Amino acid sequence: MIKPVSYVKKLEGKSNTHLIKFDDGHEYAVKYFIQGFEKSLPNEWVAYCIARYLQLPMPYAQIVEIPAEFSAQIPDFIESASRYQFASRYISGCYNGHEVSQIKKIVNEHQLASIILFDYWLSNRDRTKKNILLKEEGNETYHLWIIDHAECFGSYNWTGEQVEDLPVKILKSATHRLMAQFVKDESEFYEAIKVIQTIPNFLIEEIVSIIPDDWQVSADEKKILSQYLIRRRKKMLPRSLKKIYGKGVPPVSIGREEQRGG
Ligand SMILES: Nc1ncnc2c1ncn2[C@@H]1O[C@H](COP(=O)(O)OP(=O)(O)OP(=O)(O)O)[C@@H](O)[C@H]1O
Ligand SMILES: [Mg+2]
């Protein structure tokens, strides 16, 4: 496991996220486990593992252990109830979606349909413009990264009952609308669903089972989470896609649905 070497700074945002340099020579955005936001880190972990399988542009991440003596030097540190934290490799020199007004090309546009469906599958309500990173690669040309999956499965402090009852509805996201403009063809969404459906059930269960005990997800909740993921991708995900599209409308309809209050 990588070890923290030096504290860099606090990162903006409402959660307890700090930039820390580790002994592998890289800086990581470390999100701490905080009481009241108990599901933030389990959500980050599960979303990350699934994103890796789907080859989505999410920064490399891992679960890290940070000694209390190290965290004690962080100014205004909010005490963590766990030894384990979630570390996302820091991608330097990026803009967020608010900071870029003109995008001509997204170099990894082939991943955008999968990102949108991934958000639907995991009920990620927080795909705001702050939760994408745009790395400039040329004139008005960007590589798009996705970050911050603390609010998947409806919230950062879900209960099992809430996850079982999550509605299948249109997610209102200007970022989805932005990304959808660069999806070339509706077929990319159907291809993305096919890939999601190839993830073995065992792998999903394994990912969920690895959530550290410190993060207080009960055995029942783990079961509900695995079942949610397994169940949702079969019938509900194609249903969501139909809702997004209406009847054969092009991808920009994701934006139109929103405008209709869909
Ligand atoms: N891997 C990363 N590379 C670069 N910047 C990052 C990375 N992870 C996080 N950040 C930066 O840290 C900020 C806070 O991280 P994150 O969005 O995960 O937490 P948050 O506090 O929950 O944010 P929000 O206020 O959007 O809910 C991000 O808005 C981004 O600027
Ligand atoms: Mg964020």
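See the structure above.
Residues numbered from 1 in each chain as written. Chains lettered and ligands numbered in written order. Predicted model: local features only at pLDDT ≥ 70, side-chain atom pairs only at ≥ 80, totals over all residues.

1. A closer look at the site of ligand 1
Taken together, 20 residues form the shell around ligand 1, and within it L11, G13, S15, A29 and D148 come nearest. Residue composition of the shell around ligand 1, grouped by class: nine nonpolar, five polar and six charged. A domain split of the shell around ligand 1 shows at least three residues from each of domain 1 (4-89) and domain 2 (95-259). (Near = placed C-beta within 6 Å. Nonpolar A, V, L, I, M, F, W, Y, C, P; charged D, E, K, R; others polar. Domains from an automatic or database assignment.)

2. Observations concerning the sheet that holds strand 8 (residues 132-138)
Across the sheet, four strands lie side by side as 6-8-9-7; this open sheet has mixed pairing. Looking along the sheet, the strands with just one partner apiece sit at the ends: strand 6 (95-96) and strand 7 (105-106). Across six bridges, strand 8 lies against strand 9 (residues 141-146) in antiparallel orientation. Bridge pairing in strand 9 links L134 to L144. (Pairing = 2+ DSSP bridges. Helix = DSSP H or I, 4+ residues; strand = E, 2+ residues; numbered from the N terminus.)

3. Here's the deal with the packing of helix 3 (residues 112-121) against helix 8 (residues 219-245)
Interaxial distance between helix 3 and helix 8 falls to 10 Å at its minimum, and their mutual angle equals 115°. Pair helix 3 / helix 8 crosses with right-handed handedness. Residue-level inspection shows L117, Y120 and W121 of helix 3 in contact with helix 8, the latter providing R232, R233, L237 and S240. In the contact of helix 3 with helix 8, the residues fall into four nonpolar, one polar and two charged. (Axes fitted to C-alpha atoms, helices over the stretch in contact; angles between N-to-C directions. Left-handed = near helix turned anticlockwise from the far one by under 90°. Contact = placed C-beta atoms within 7 Å.)

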